Amino acid sequence: MHDTAMRHTVSAHWWVPAVRGVLTILFGVLAIVWPKITLLALVTIFGAYALVNGAFTLFQAARGHTGQSRGWLIFEGLVGLLAGIIAFAWPGITTLALLLVIASWFVVIGVFEIIEAIALRRRIEGEWLLALNGLVAVVFGLLLFIWPATGALAIVWLIGVSAIVFGISLIAHAFGLRGHRPRVAAGPSPVV
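Residues numbered from 1 in each chain as written. Predicted model: local features only at pLDDT ≥ 70, side-chain atom pairs only at ≥ 80, totals over all residues. Heavy atoms only, no water.

Draft legend 1. Examining the nonpolar core more closely. Counting 28 residues, the largest nonpolar core has Phe27, Phe46, Ile102, Trp105 and Phe166 as its most contacted members. Breaking this core down by element, the ones donating at least two residues are α2 (15–33), α3 (39–63), α4 (70–89), α5 (95–120), α6 (127–146) and α7 (152–178). Ranked by the residues each element gives to this core, the list is headed by α5, at eight residues. Not counting residues within four places of it along the chain, the set of residues in contact with Phe166 comprises Thr24, Tyr49, Phe106, Ile109, Glu113, Asn133, Val136 and Ala137. (Core = buried A, V, L, I, M, F, W, Y, C linked by side-chain atoms within 4.5 Å. Buried < 20%, exposed > 50% of the residue type's maximum accessible area, 1.4 Å probe, protein only. Helix = DSSP H or I, 4+ residues; strand = E, 2+ residues; numbered from the N terminus. Contact = heavy atoms within 4.5 Å.)

Below, the structure written as structure tokens:
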């Protein structure tokens, strides 16, 4: 796709990651506001979040021309839908199992966003925001794997704070896309 056309279409779809960011922040705030939330409520909130986030990611893939690979977006959306389905299909999930589902989801999503940022580095400006978003997700997922037995309250707080940070980075990425400009190779100025 021509750089000017891609710049226009990427800028036009900036709102999709912004909505995902807002939903992620909402999930994080709910986890922090209700620190003594029951495990069933946390599973329900996470399941709803993962399903909606997965659906928005698939919508973004279907719309195309986002500057991101459709294949990666489809994979990311399907992983989100799968995590949501697991949460709803297994409502009696243990704290450790829920933690592993959430941690796995964040690591997978984060790795693919970092890969996507690297692939886009020559095509758009601000790809570092997508990479930062992926890094935040990977670090959060790894922290959950490293400290799985820190207690239910600590897990809820960790999930809440990390979700808010992840959401903020998604929104920053969205606004970076909104003002997207194609990269221009440095070279000599034309002689007039």
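That shown, we press on.
Draft legend 2. Representation of the pattern of salt bridges within the structure. Counted by the stated rule, this structure contains two salt bridges. In this structure, Arg20 and Glu113 form a salt bridge, with 3.7 Å as the shortest nitrogen-oxygen distance. A residue pair is termed long-range when its members are at least 10 positions apart, and Arg20 in helix α2 and Glu113 in helix α5 qualify at 93 residues. One continuous salt-bridge network, built from bridges that share partners, spans Arg20, Glu76 and Glu113. (Salt bridge = Lys/Arg side-chain N within 4 Å of Asp/Glu carboxyl O.)

Draft legend 3. Inspection of the packing of aromatic side chains at higher detail. Following the criterion strictly, the structure yields eight aromatic pairs and no others. Taking the centre distance of 5.6 Å and the plane angle of 85° together, the rings of Tyr49 and Trp105 count as edge-to-face. On the criterion of sequence distance, the pair formed by Tyr49 in helix α3 and Trp105 in helix α5 is long-range, its members being 56 residues apart. Comparing Tyr49 with Trp105 shows no difference in burial state: the two are buried. (Phe/Tyr/Trp six-rings, centres within 6.5 Å; stacked < 30°, edge-to-face > 60°.)

Draft legend 4. Focus on α6. With 20 residues, α6 should reach 28 Å at 1.5 Å per residue; the first-to-last C-alpha distance of 29 Å fits that figure. Within α6, the full set of buried residues consists of Glu127, Leu129, Leu130, Asn133, Gly134, Val136, Ala137, Val138, Phe140, Gly141 and Leu144. (Expected span 1.5 Å × (residues − 1).)

Draft legend 5. Quick peek at α4. With 20 residues, α4 should cover 28 Å at 1.5 Å per step; its first-to-last C-alpha distance of 28 Å lies within 8% of that length. Three or more residues of α4 are buried, namely Leu73, Glu76, Gly77, Val79, Gly80, Ala83, Gly84 and Ala87. Around the axis of α4, the buried residues are gathered within 155° of arc, so they sit on the same side. Facing away from the buried side of α4, by more than 90 degrees, are the exposed residues Leu82 and Ala89. (Arc of directions from axis to C-beta.)

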